[in-house]
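# Working through the structure, step by step
Okay, here's what each chain looks like letter by letter:
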Amino acid sequence: MTTTARAHTNIALVKYWGKRNAALMLPQTDSLSLTLDEFYTTTTVEFDPTLSKDHFYLDGKLVADQQAHKVVKFMDLVRQMSGRADFANIASVNNVPIAAGLASSASAFAALAGAAAKDAGMDLSLKDLSRLARRGSGSATRSIFGGLVEWHRGTDDLTSFAEPVQEVPKFGIAMLAIMVDTSQKKVSSRGGMQLVVETSPYYPAWRQVVKDDMVAIKKAIATGDLKTIGHIAQQNALRMHALNLAADPGFTYFNGQTILAMQTIDRLREEGLNCYYTMDAGPNVKVIFDPKDQDDLLKALSPVFGAERLVVAKPGPGIEYLADPVMKF
Ligand code: 2P0
């Protein structure tokens, strides 16, 4: 039997940047994100008693064991939880530029959690599925749900899970990715956030920033106040990236084009467009905007970055199960 699941990426408006417990993947802080429709991963899992190890195929190609270790480790956890002893064929197809700060691990581990748990015979609630996805990648916790999603940092494995704030946002919100660079990043999220927790003197302040931002952004979401949501998200992103600059050794995910995009968005906002930026563990810039301004925004950004580098995404759905496998094993 095969099981196929699709999960969409999410972009955090209040960021997760640091773990408290790496083994259980418990974060230092809460976070809040928007799941996107345009970027997703589709994964098929088939447990097979004749296999002597897991086989992981990414975009149709078998992945070498050293590169597949995070997936195999995750499958070990699924085996442990389900009581199954057999190995599996796993195939993922990504509709996300990998490792370019568009959070491919979020959709990847959310889809894998859904497909693997179900194929192993587990019938998990969405909350428990988000806890399972968390063990693969922190941001995957939130990709189980659609729309605006909150991840409660919790105090242990049971209490660290995501839940929807507004599965279908009741107000206009969209994101535009400015793809300034889609190559592999040099500092992994995992390594970057760990260095920051250990060495950034601003980390205690960051915990307080997130506490305050979570309260304020949920209030703004409840009233559909995009201006306030965008402002909080932009400030939160800048403060997250300030942690990186202040680490030892300091680092940044930004490149020159990232700065140009930030300045361009600030200028467009000053000129009256309701738009804000956020950046993750890569140089690409995501613009939070009101969908009614989409044409104006594209018109303003195309001459600067090229229309082919602009991708518009709307709020996307939570995890879905599909009938057709992405690959025949
Ligand atoms: C986020 N990011 O909240 C933050 C903001 C990137 C910047 O979650 O180590 O791939 O697998 O938990 O989830 C990216 O980090 O890291 C991320 P792990 P993850 O979306």
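The sections below set out a description of the structure shown in this document. (Residues numbered from 1 in each chain as written. Predicted model: local features only at pLDDT ≥ 70, side-chain atom pairs only at ≥ 80, totals over all residues. Heavy atoms only, no water.)

## Description of helix 8 (residues 294-305)
- The end-to-end C-alpha separation of helix 8 is 16 Å, in line with the 16 Å expected for twelve residues at 1.5 Å each.
- Taken together, the buried positions of helix 8 are Leu297, Leu301 and Phe305. Summarising the axial view, the buried residues of helix 8 lie within an arc of 35 degrees, below the 170-degree limit, and thus occupy one face. Of the exposed residues in helix 8, the ones pointing more than 90 degrees away from its buried face are Asp295, Lys299 and Pro303.
- The inward-facing, buried residues of helix 8 contact strand 10 (174-178), helix 7 (256-270), strand 11 (275-279), strand 12 (285-289) and strand 13 (310-313).
- Directly beyond the C-terminal end of helix 8, a positive phi value near 90 degrees is found at Gly306. (Helix = DSSP H or I, 4+ residues; strand = E, 2+ residues; numbered from the N terminus. Expected span 1.5 Å × (residues − 1). Buried < 20%, exposed > 50% of the residue type's maximum accessible area, 1.4 Å probe, protein only. Arc of directions from axis to C-beta. Contact = heavy atoms within 4.5 Å.)

## Concerning a positive patch on the surface
- Residues Arg20, Arg153, Arg207 and Lys211 make up a contiguous surface patch of positive charge.
- Looking at the element boundaries, Arg207 is found in helix 5 (residues 203-222). (Patch = residues over 30% accessible without salt bridge, like charges linked within 9 Å, V, L, I, M, F, W, Y side chains within 5 Å. Areas by Shrake-Rupley, 256 points an atom, 1.4 Å probe, with all protein chains shown as cover. Salt bridge = Lys/Arg side-chain N within 4 Å of Asp/Glu carboxyl O. Lys, Arg positive; Asp, Glu negative; His and termini not counted. Charge placed at Lys NZ, Arg CZ, Asp CG, Glu CD.)

## A word on the site of the ligand
- Around the ligand lies a shell of 17 residues, among which Tyr16, Lys19, Ser137, Gly138 and Ser139 are the nearest.
- At a separation of 2.6 Å, an oxygen atom of the ligand approaches a polar side-chain atom of Ser137.
- Take Gly138: an N or O atom from its main chain is 2.7 Å from an oxygen atom of the ligand.
- Within the complex, the protein chains bury 95% of what would otherwise be the 470 Å² of accessible surface of the ligand. (Near = heavy atom within 4 Å. Polar contact = N/O pair within 3.5 Å; in protein donor to acceptor, adjacent residues only side chain to side chain.)

## Regarding the packing of helix 7 against helix 8
- Where helix 7 meets helix 8, the axes come as close as 11 Å, and the angle between the chain directions of the two elements is 150 degrees. Relative to helix 8, helix 7 is oriented roughly antiparallel. In this structure, helix 7 crosses over helix 8, and the sense of that crossing is right-handed. Between helix 7, through Gln257, Leu260, Ala261, Thr264, Ile265 and Leu268, and helix 8, the contact on the second element is made entirely by Leu297, Ala300, Leu301, Val304 and Phe305.
- For the contact of helix 7 with helix 8, a count of residues per class yields nine nonpolar, two polar and no charged. (Axes fitted to C-alpha atoms, helices over the stretch in contact; angles between N-to-C directions. Parallel < 35°, antiparallel > 145°, perpendicular 65-115°, else oblique. Left-handed = near helix turned anticlockwise from the far one by under 90°. Nonpolar A, V, L, I, M, F, W, Y, C, P; charged D, E, K, R; others polar.)

## With respect to the pattern of salt bridges
- Taken as a whole, this structure holds 16 salt bridges when the rule is applied.
- The salt bridge involving Asp266 is made with Arg269; its shortest N-O contact spans 2.8 Å. Remark: Arg269 and Asp266 occur in helix 7; sequence separation between them is three residues, near one turn of the helix.
- The partly exposed category is assigned to Asp266, whose relative accessible area is 21%.

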